[in-house]
Structure formats: structure tokens, C-alpha cells
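Coordinate inspection notes
So the chains spell out like this:
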Amino acid sequence: MDYQEFINRKLAHIPPSGIDKKCRVKELFPHQRALVNWSLRRGRSANFSGTGLGKMRMEIAYADAVSHYQKTDVIGLCPLAVAAQIVEEAAKIGVTIHHVHDDSEVKPGINITNYDRLHKFDLERFGGMFGDESGIIKHHDSKTFDAMVTGFAKTPFKLLATATPSPNDFTELGTHAEFLGIRSKSEMLAEFFVHDGGETQKWRLKGHARQSFWKWVSSWAAMVRNPADLGFDGSMYKLPPLHTYQHTITTDHVSQGQLCAIEAQTLMERKQARKKSLFIRAEECAKLINESNEIWLVWCELNQEADELKRLIPDAIEVRGSDKEEVKEKRLLDFAKGRIRVLISKSKIAGWGLNFQVCNHMAFIGVTDSFESYYQSVRRCYRFGQSKPVHVHVFSADTEGAVLTNLTRKEKESELMADELTAIVSESVKNEVLGVNKESNLYIPSQKLIIPSFL
């Protein structure tokens, strides 16, 4: 074996292990059908389509095909309160999904439950699974992730779906690859990455391995931001305008040993500044909401922020972590149906998977530096199906620094990286997803070749 052959074997793509069957659901857009059929051929894959591209229907169609063709039970995992929305969406396209809470409720066919109830099921009984908003697995502790890897180790059909992860978030890609049985995270890092400088916690993609790495990712994950990435019409996925406003609250708080108020420099200083300005931020936010008749979604970071907002906004309803699961689900679904005018919650509770297109006014009374958390929260309202411009208001103290500016910078960096990634992997994704099944690319000669006389 020469060196080139050795390298080629290391970079070999994992062959498909699925079934060469077509999805049975008719109510799919062309790009959705292509991605579902690709997932069925792969057997184990990740769908990193952008928000609003219909991952929920694709998950349903995938589960329906696996259950029907393989004659096996399938279980879906999703964030809190999303299960009811998936059951409702499935009914619209003629698929039955059972919302279950423990192993005793499992029925033949397709079942769905929350990630938090994972430990209440015998996962080995299922021949297929799908994970909605699977990016959530990187936020779970190692015990939960290990339980998923162990419980679904022998499951032949796996589909993980989440909005396109940040191109430089290699941890998320690694956990997905490891769960799908493609390659462990440590193997991925050892093959394609090096430690950055003297810091052993930071990994940098090897320059010469960049093209090979993203080609490898494209062999098991479909990163699609618009149907046009696959050659389909993406005109209907143009969203209305998104307007963001930063409300900077002036404070007169001066830290001990300082002559005047200065911007926070550390995370601890920022938290202290946030607590000092809590009441005035709540007052400004409540004033804006009370003067409006629109439906509002308000994100907070501290329980005390939520308490103050509830006191100032008479018709506000909160979803808090300590609430019973049934209460959380009911309130989130009531808001999605437009039965609640003002909903207050935290991103880690209601910022994943839910469809809140009924709302186009949003406020952040407290924002972390996590762009992913901010992005996911905004996308609950700003997604396919939203017909109105979305207005996002960010309230922060002058001592917290330019919060919105920082998030906007991260958003632009993420978009630039995503553009670069799309340019690198677009052809690989097309080849993997569409393969030889794209009829427009089939060569079917209809005329006899005529050799020119001068030849």
C-alpha cells in the first residue's frame, strides 16, 4: 500500500446503509422530497437545512417511510412542546404519530416524545429514530448524550435535523457524526484538526484538509440554506424584512473605586451591570408592550426579570423552568395559536423548534453573548410562513456594552463563513442528495451523432 492509497482509505466516505425507496408523503416541496429520499438511501444522516425549509415535514416523511417499508417502530425526539406541533403537522399530510410520555404508551408505528423523557424508554426496541432540533444534544450533559449513543447504537435508521450549525462549531458536527456512527468526535479532531497554539482546548481546521473535511461532512450531512442550493426554485423562501432596535438604558451606577460609570469588560462585570439595571430595563420594555396591541414574545435571562415584567404587563404569561411539563406545553401551544398576547420565557426553554409565526414583535430584556441562542430565539418568529416584517427590540444598560452590535458582528461572521462553506460543499451536496436520480441530469440521447466532414 503506497501513501496515497493510505490517505484515500482514511478519507473514504461511509457507504450508504439505507433503502432505495421513495418517500410516500405527497405534500412535499421538490427540495424536501429530494432530501428525504437521500436520507432514506443513507440510512443514517443529518439534515442541516436552514430554519423554515420544512425539516419537520421531512422528519415525518422519513419516519413514515422507514416504518412502512421496514415494518418497524420509529421514535422521534424533540424539545418541550414541539411534540404536539409535530403530531398536528403529521395529521395534515396523512401521517399518524403518537405523542407518548413513557414506554408503556408506545404504539405500533411512529411515536414521539421529549428529549427530557429519554430515560423512560427502551430505545433498543425501535428500528428507526429522528431527532428534531438535534443541535440541542451538544447542550446536554455527557450522561444524556451517552444514553442516546448507547440506546440507539444498533438502530439502523437515524436522522438528526437542526438548522445549519455554525460552520466553525466543530463540537456540534462531532457529536452528530459520533451519534450517527460515522466517526467519533476524537477521531474527527485527530484527522482534520490541530491544536491552536499552546491552548489544548482550541482546535483549528488544518489548512490543507479544509476541502477534504467539508467534502466528508457533505457525505453524511446536507447543509442547505435555500432550495436554490440544490438547484430548485427558492423564490418562495424570501422572508419579509427583519428590523432590530437596541434600547440602551442610561445608568448612573459607579463601581467602587471608579470616578464614573464604565462599560463592563468581563462576564462577571456584565452580569453585575445587568442586575443593577434590571428594574429600569423592565419598565422600558413593559412601556413599549403596554402601548401596543400586538402579540409579543419576550425573552429574559433572569427569573427576577420575568417577575418584574409580569408585574408591569397585566396580560403577560410566563413559561418558567419550574412549571410542570403539562403547564409549559399548554402555554406554549396557546401562544402559538394566538390565545396569549404576551409570552415571557427563556431561550433555553422555548427557543428551540417551536413555530411562532403568529407573532412578529419580540423583545430581549436580557441577552447573552451566545449568537446561537439569540439566532434560534429570533427564528421562532422569523421563519417560513411569516408574512409580516419582524421587529426585534434589545434592551440593555449602557454599562453592558453594545450588545446588539456584538451579536450583529457575530451574525455577519457566521453568514460569511456559511457563504464560504456553501461555495465549497454545494456541488458535493448536490451529488450526494440528487445523485443519479435528478432527471434533468440524465443523459438520454435522442439524436444520432453526426461526424463533421473535415474529421
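Placed above this text is the structure.
These notes cover the structure that comes with them. All of these numbers come straight from a predicted model, not from anything done at the bench. (Residues numbered from 1 in each chain as written. Predicted model: local features only at pLDDT ≥ 70, side-chain atom pairs only at ≥ 80, totals over all residues. Heavy atoms only, no water.)

Let's shift gears to the packing of helix H2 (residues 30-42) against helix H3 (residues 55-70). It is at 9 Å that the axes of H2 and H3 come closest, and there the two elements cross at 40°. One way to sum up the angle between H2 and H3 is to call them oblique. The two elements H2 and H3 cross, and the hand of that crossing is right-handed. Taken together, the residues of H3 that come into contact with H2 (itself represented by Gln32, Leu35, Val36, Ser39 and Leu40) are Met58, Ala61, Tyr62, Ala65 and Val66. In terms of residue class, the contact of H2 with H3 is built from eight nonpolar, two polar and no charged. (Axes fitted to C-alpha atoms, helices over the stretch in contact; angles between N-to-C directions. Helix = DSSP H or I, 4+ residues; strand = E, 2+ residues; numbered from the N terminus. Parallel < 35°, antiparallel > 145°, perpendicular 65-115°, else oblique. Left-handed = near helix turned anticlockwise from the far one by under 90°. Contact = heavy atoms within 4.5 Å. Nonpolar A, V, L, I, M, F, W, Y, C, P; charged D, E, K, R; others polar.)

Read from one edge to the other, the open sheet built from six strands follows the order S10-S15-S14-S11-S13-S12, with strand pairing classed as parallel. A strand with exactly one partner marks an edge of an open sheet, and here the two such strands are strand S10 (242-249) and strand S12 (316-318). Neighbouring strand axes in the sheet, compared pairwise and without regard to direction, differ in orientation by 20° on average. Packing of helix H10 (residues 278-290) onto the sheet brings it into contact with S10, strand S11 (296-299), strand S13 (342-345), strand S14 (361-364) and strand S15 (390-397), and relative to S15 it is tilted by some 155°. Packed on one face of the sheet, helix H11 (residues 303-312) meets S11, S12 and S13 and runs near 165° to S13. (Pairing = 2+ DSSP bridges.)

Relative to the elements of secondary structure, Ala61 occurs in helix H3. Since its relative accessible area comes to 0%, Ala61 is described here as buried. Separated by 28 residues in the primary sequence, Ala61 and Arg33 place their C-alpha atoms 8.6 Å from one another. The residues touching Ala61, leaving out its near neighbours within four places in the chain, are Cys23, Val25, Leu28 and Val36. (Buried < 20%, exposed > 50% of the residue type's maximum accessible area, 1.4 Å probe, protein only.)

Turning next to unusual backbone geometry. For Lys71, which is not a glycine, the phi torsion comes out positive at approximately 55°. Given the relative accessible area of 68%, Lys71 is considered exposed.

Attention now goes to the packing of aromatic side chains. Using the criterion set out here, one finds twelve aromatic pairs in the structure. Both rings, one in Phe192 and one in Phe213, keep their centres 5.2 Å apart while their planes meet at 65°; by these two values the pair is edge-to-face. With Phe192 in helix H7 (residues 185-192) and Phe213 in helix H8 (residues 210-220), this pair connects stretches of sequence that are 21 residues apart. There is no split in this pair, since Phe192 and Phe213 are both buried. Considering the side-chain rings of Phe213 and Trp216, the 6.0 Å spacing of their centres and the 40° angle between planes classify their relative orientation as tilted. Placement of both Phe213 and Trp216 in helix H8 is noted, with a separation of three residues, approximately one turn of the helix. (Phe/Tyr/Trp six-rings, centres within 6.5 Å; stacked < 30°, edge-to-face > 60°.)

Shape descriptors only; they carry no functional weight alone.
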